Amino acid sequence: MISAQEALKILYEGNHRFVSGVSNSNVLTNQARRHELMAVQEPFAIILGCSDSRAPAEIVFDRGLGDLFVIRVAGNIVAPSQIGSVEFAAENFGTRLVVVMGHSKCGAVLATLEELRHETKEKSQNLCSIIDHIRPSIDMLPGAELGDYSDSFIQQAVRANICASVTHLQQGSEVLEQLIKKDGLIIVGAEYSLETGIVDFFDKVP
Ligand SMILES: [Zn+2]
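In this report, we go over the structure that sits alongside the text. All values reported here derive from a predicted model rather than from experimental measurement.

Quick notes on the rules
Residues numbered from 1 in each chain as written. Predicted model: local features only at pLDDT ≥ 70, side-chain atom pairs only at ≥ 80, totals over all residues. Heavy atoms only, no water. Helix = DSSP H or I, 4+ residues; strand = E, 2+ residues; numbered from the N terminus. Expected span 1.5 Å × (residues − 1). Bend = angle between axes of the 7 residues up to and from the residue. Buried < 20%, exposed > 50% of the residue type's maximum accessible area, 1.4 Å probe, protein only. Phe/Tyr/Trp six-rings, centres within 6.5 Å; stacked < 30°, edge-to-face > 60°. Core = buried A, V, L, I, M, F, W, Y, C linked by side-chain atoms within 4.5 Å. Contact = heavy atoms within 4.5 Å. Disulfide = S-S within 2.5 Å. Donors = N, O, S within 2.8 Å, 3.2 Å for Na, K, Ca; no water. Salt bridge = Lys/Arg side-chain N within 4 Å of Asp/Glu carboxyl O.

Quick notes on helix α6 (residues 125-139)
No. 1: End to end, α6 covers 20 Å across 15 residues, agreeing with the expected 21 Å (1.5 Å per residue, within 8%).
No. 2: At histidine 133, α6 shows its largest kink, close to 30°, and the proline proline 136 lies no more than four residues downstream.
No. 3: Taken as a whole, α6 has its buried residues at Ile130, Ile131, Ile134, Ser137 and Ile138.

Some points on the packing of aromatic side chains
No. 1: Overall, the coordinates contain five aromatic pairs when judged by the stated rule.
No. 2: Their ring planes at 25° and their centres at 6.1 Å tell us that phenylalanine 61 and phenylalanine 201 sit as a pair that is stacked. With a gap of 140 residues between them, phenylalanine 61 in the loop between α3 (57-60) and β2 (68-72) and phenylalanine 201 in strand β5 (residues 199-201) connect regions that are remote in the sequence. Judged on exposure class, the residue phenylalanine 61 and its partner phenylalanine 201 are both buried.
No. 3: Judged by centre distance (4.8 Å) and plane angle (20°), the rings of tyrosine 149 and phenylalanine 153 are stacked. The same class applies to tyrosine 149 as to phenylalanine 153, namely buried.
No. 4: Taken together, the aromatic side chains of Phe69, Phe88 and Phe93 make up a single cluster linked through ring pairs.

Quick notes on the nonpolar core
If you look at soluble globular proteins, the nonpolar side chains tend to sit buried side by side.
No. 1: Ranked by internal contacts, the top residues of the largest apolar core, which has 38 residues, are Ile46, Ile138, Leu169 and Leu176.
No. 2: It is helix α7 (residues 151-171) that contributes the most residues to this core, eight residues altogether.
No. 3: Not counting chain neighbours up to four residues away, the residues in contact with isoleucine 46 comprise Phe69, Ile71, Val86, Ala89, Ala90, Thr95, Leu97, Val98 and Val99.
No. 4: Residues Ala7, Phe44, Ala45 and Val188 belong to the second largest nonpolar core, which totals 21 residues.

Describing the state of the cysteines
No. 1: Tallied over the full model, the rule gives zero disulfides.
No. 2: Cysteine 128 takes part in no disulfide bond, and the closest cysteine sulfur to it belongs to cysteine 106, at a distance of 16 Å.
No. 3: With relative accessibility at 23%, the residue cysteine 128 sits in the partly exposed group.

Some words on the coordination of the zinc ion
Reference values for angles at a metal are 109.5 degrees in the four-donor tetrahedral case and 90 or 180 degrees in the six-donor octahedral case.
No. 1: At this site the zinc ion is bound by Cys50 (SG), His103 (NE2) and Cys106 (SG), with donor distances of 2.0 to 2.3 Å.
No. 2: Mapped onto the sequence, the residues coordinating the zinc ion show the spacing C-x52-H-x2-C. In this pair, cysteine 50 is assigned in the loop between β1 (45-49) and α3 and cysteine 106 in the loop between β3 (97-103) and α5 (107-116), connecting sequence segments 56 residues apart. Each member of the pair, cysteine 50 together with cysteine 106, is buried.

A few points about the pattern of salt bridges
No. 1: Scanning the model with the defined rule gives twelve salt bridges in all.
No. 2: Across the pair arginine 17 and aspartate 62 runs a salt bridge, and its minimum N-O distance is 2.6 Å. In this pair, arginine 17 is assigned in helix α1 (residues 4-20) and aspartate 62 in the loop between α3 and β2, connecting sequence segments 45 residues apart.
No. 3: Across the pair aspartate 67 and arginine 33 runs a salt bridge whose closest N-O atoms are separated by 3.6 Å. Linking aspartate 67 in the loop between α3 and β2 with arginine 33 in helix α2 (residues 31-36), this pair joins segments that are 34 residues apart in sequence.
No. 4: Residue arginine 33 is classed as partly exposed on the basis of its relative accessible area, which comes to 24%.

Here it is as structure tokens:
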């Protein structure tokens, strides 16, 4: 299995191809690769991303079948089932890189800001549970109480939410803590820009 640093480099290079418009577009539908993967998978990265239709991990990293273990949920939040999914992949496939990938103009973050401004109509309990996960990291931002949210505040909110999910994964699981301490697991945050297509990793890419 490749190291977290190598995996980060592969993702970075794949995103560069995606942005440059030189994707390996045949990889996703390659039948030979599909046959190779029938018995076994060895994804080199775990991606916890948002469900937003504009931020699909395989496409923005220009990767194909069997490469990425992807967990998608609105607002890239961390609840027990997301932690369990990351633990499953890290333990069973030896995957050593986890990326929490949020994105600009995230609807779940915007819905949380609306909630902070008390602007919205009644939401279902289920949707509220997503907002409840996002809200604490935004509440801590300077100016959150003012309710006048500039584009730069929204970007800060997106990033704060990504960082909160990274911290939650790093500290919310005994299994992952041990893998981080003893086995080279790395959990990093990243923001995908809907505008440019670029994934900005919060940690340095080798
Ligand atoms: Zn989103």
